[in-house]
Amino acid sequence: MKGLFTSELERLWSQKISWIILFFIPLMSIGSVKYYLSWNERVSPGQPDYVTSLNFPIISISEHLVVSFNIIAIILISTVIANEIENGQLRMILIRPFSTTQLFLAKLATILTTMFLYLTLFWILNTVAGYIFFPKVDTLITFLDEQKLSLTAALLYNLKYFFACFVTMISVVSVFTLLGSISRSTMITLGAGVGFIFLAIAIPQLLEFSTQTIIGHNTVVHLMYMSIVKIQHTGIAFLLSSTNNLNSYIILVQTVYIALFGLIAYWTFVKRDYFI
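On a predicted model such as this, the values are computed, not experimentally measured, just so you know.

Student: How should I be thinking about the overall build of the protein in this particular structure?
Tutor: Counting its regular elements, the protein contains 10 helices and 2 strands. In the protein, the order of α-helices and β-strands from amino to carboxyl end is α-α-α-α-α-β-β-α-α-α-α-α. Taken over 276 residues, the protein has a buried fraction of 47%. Taking the intrachain contacts of the protein between residues at least 6 apart in sequence as the baseline, contacts between residues at least 24 apart amount to 79%. In the structure as shown, the protein presents an accessible area of about 13,800 Å², 69% of it carried by carbon and sulfur atoms.

Shown next as structure tokens:
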């Protein structure tokens, strides 16, 4: 199994697209620095959304999770799963003494490992950039409850936020893995993935800005946070806040995404006939 995982990882990183994505990670960080330096000119210091050395990694990744990293995830899954189904590579792999279950787990581990690498690199670059380009502070003001955290507590909050981001990516990967497993081509997988991202952004926005709804406010909020993309954008702040009642609900939604879509993706992958 270890050898299969290593082989899958090497095959992914032999693709140019993996290195192109790696090259774009620093460019994403540079873009965030330029944007939020301009943002600070319009925001008063002391406000939760005023960007400092401590909150820049959080603010930057919360924006890029929604589109950039979700698109990276669908590209990786299209490369690792859909493309190999389309061109018959999976058939050649299964000639070797590996089961479809082992192959599925190896591919999933490869995708998640690579996503963790990209996220970690982006986080490290933003941490360094935050220290260089933004005001250096020794307290962090949280977004919802506006608590002032000490330097040690702020660093711990940053770590919690990072790992919460990665958990949301596991949820997204579960959905996209299902799309890759049932699709017959790379383009269908990419199109379905982009469509999912669009709907997951658009539907909560429609609910949020609707002024003529007959649905109660609490119901609207719960419907909005059924979207994993909405959780990525603002739900993580709710998850880490101590003054709201959405924590358990957000954890439940992510658990359902990972378990339900992951199990369906697994069943679809192992039951598919790759020798037709």
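From this point, the discussion proceeds with the structure in view.
Student: Can you help me understand a nonpolar patch on the surface in this one?
Tutor: Taken together, the side chains of Leu37, Ile124, Val128, Tyr131, Ile132 and Phe133 define a hydrophobic patch exposed on the protein surface, amounting to about 600 Å² of accessible area. Examining the composition of the nonpolar patch, we find that 5 residues originate from one element, helix α5 (residues 100-133), more than from any other. Along the chain, tyrosine 131 turns up in helix α5.

Student: Please explain the environment of leucine 178 as it appears in this structure.
Tutor: Relative to the helices and strands, leucine 178 resides in helix α6 (residues 151-182). In this structure leucine 178 touches Phe261, Ile264, Ala265 and Thr268, once residues within four positions along its chain are discounted.

Student: Would you take a moment to explain the packing of α6 against helix α9 (residues 228-240) for this structure?
Tutor: For any two helices packed against each other, one specifies the crossing angle of their axes together with the interaxial distance. At their nearest, the axes of α6 and α9 sit 10 Å apart, and the two run at 150° to each other. In terms of orientation, α6 and α9 fall into the roughly antiparallel class. As for how α6 packs across α9, the hand of that crossing is right-handed. Contact residues: α6 offers Tyr157, Lys160, Tyr161, Ala164, Cys165, Thr168, Met169, Ser171 and Val172, while α9 offers Ile228, Ile231, Gln232, His233, Ile236, Ala237, Leu239 and Leu240. When its residues are assigned to classes, the contact of α6 with α9 shows 12 nonpolar, 4 polar and 1 charged.

Student: Help me understand the packing of aromatic side chains, please; the structure alone is not making it clear to me.
Tutor: Any aromatic ring pair is given by two values, namely how distant the centres are and how the planes are angled relative to each other. Counted under the stated rule, the structure contains 18 aromatic pairs. Between the aromatic rings of tyrosine 225 and phenylalanine 238, the centroid separation amounts to 5.5 Å while the plane-to-plane angle is 75°, which identifies the pairing as edge-to-face. Separated by 13 residues along the polypeptide, tyrosine 225 in the loop between α8 (217-224) and α9 and phenylalanine 238 in helix α9 bring together distant segments of the chain. Following the ring pairs from residue to residue traces out a cluster consisting of Tyr35, Tyr36, Trp39, Phe56 and Phe134. Taking NZ or CZ as reference, lysine 136 lies 4.8 Å from the ring centre of tyrosine 131, over its face.

Student: Looking at this structure, I do not really get the pattern of salt bridges. What am I missing?
Tutor: Side-chain pairs of opposite charge can arise where the charged atoms are in close proximity. Applying the stated criterion across every chain, the model contains 2 salt bridges. Of the charged contacts, one joins arginine 11 and glutamate 8 as a salt bridge, the two residues approaching to 2.3 Å between their closest N and O atoms. With arginine 11 and glutamate 8 both in helix α1 (residues 2-13) and 3 residues apart, the pair spans about one turn of that helix. For glutamate 8, a relative accessible area of 2% puts it in the buried group. In this structure, the salt-bridge partner of lysine 107 is glutamate 8, at a minimum N-O distance of 2.9 Å. Taken as a pair, lysine 107 in helix α5 and glutamate 8 in helix α1 lie far apart in primary sequence, 99 residues in all. Each member of the pair lysine 107 and glutamate 8 is classed as buried. Residues participating in the shared-partner salt-bridge network are Glu8, Arg11 and Lys107.

Student: So what exactly am I meant to see when it comes to the layout of surface pockets here?
Tutor: Sizing a probe to match a water molecule and rolling it over the atoms shows the empty space that remains. Here the largest pocket defines a volume of roughly 390 Å³. Taken together, 18 residues line the largest pocket, and the ones lying closest to its centre are Tyr36, Ile59, Ser62, Glu63 and His233. Counting only elements with at least two residues in the lining of the largest pocket, the list comes to α2 (16-40), α3 (56-87) and α9. In terms of residue count, α3 provides more of the lining of the largest pocket than any other element does, 6 residues in total. Of the residues belonging to the lining of the largest pocket, the class tally is 10 nonpolar, 6 polar and 2 charged.

Calculation rules
Residues numbered from 1 in each chain as written. Predicted model: local features only at pLDDT ≥ 70, side-chain atom pairs only at ≥ 80, totals over all residues. Heavy atoms only, no water. Helix = DSSP H or I, 4+ residues; strand = E, 2+ residues; numbered from the N terminus. Buried < 20%, exposed > 50% of the residue type's maximum accessible area, 1.4 Å probe, protein only. Contact = heavy atoms within 4.5 Å. Areas by Shrake-Rupley, 256 points an atom, 1.4 Å probe, with all protein chains shown as cover. Patch = residues over 30% accessible without salt bridge, like charges linked within 9 Å, V, L, I, M, F, W, Y side chains within 5 Å. Salt bridge = Lys/Arg side-chain N within 4 Å of Asp/Glu carboxyl O. Axes fitted to C-alpha atoms, helices over the stretch in contact; angles between N-to-C directions. Parallel < 35°, antiparallel > 145°, perpendicular 65-115°, else oblique. Left-handed = near helix turned anticlockwise from the far one by under 90°. Nonpolar A, V, L, I, M, F, W, Y, C, P; charged D, E, K, R; others polar. Phe/Tyr/Trp six-rings, centres within 6.5 Å; stacked < 30°, edge-to-face > 60°. Lys NZ or Arg CZ within 6 Å of the ring centre and 35° of its normal. 1 Å grid on protein atoms, 1.4 Å probe; cavity = no way out; pocket = protein on both sides within 12 Å on 5 of 7 lines; lining within 4 Å. Points joined across faces, edges and corners; volume = space filled by probe spheres on them.

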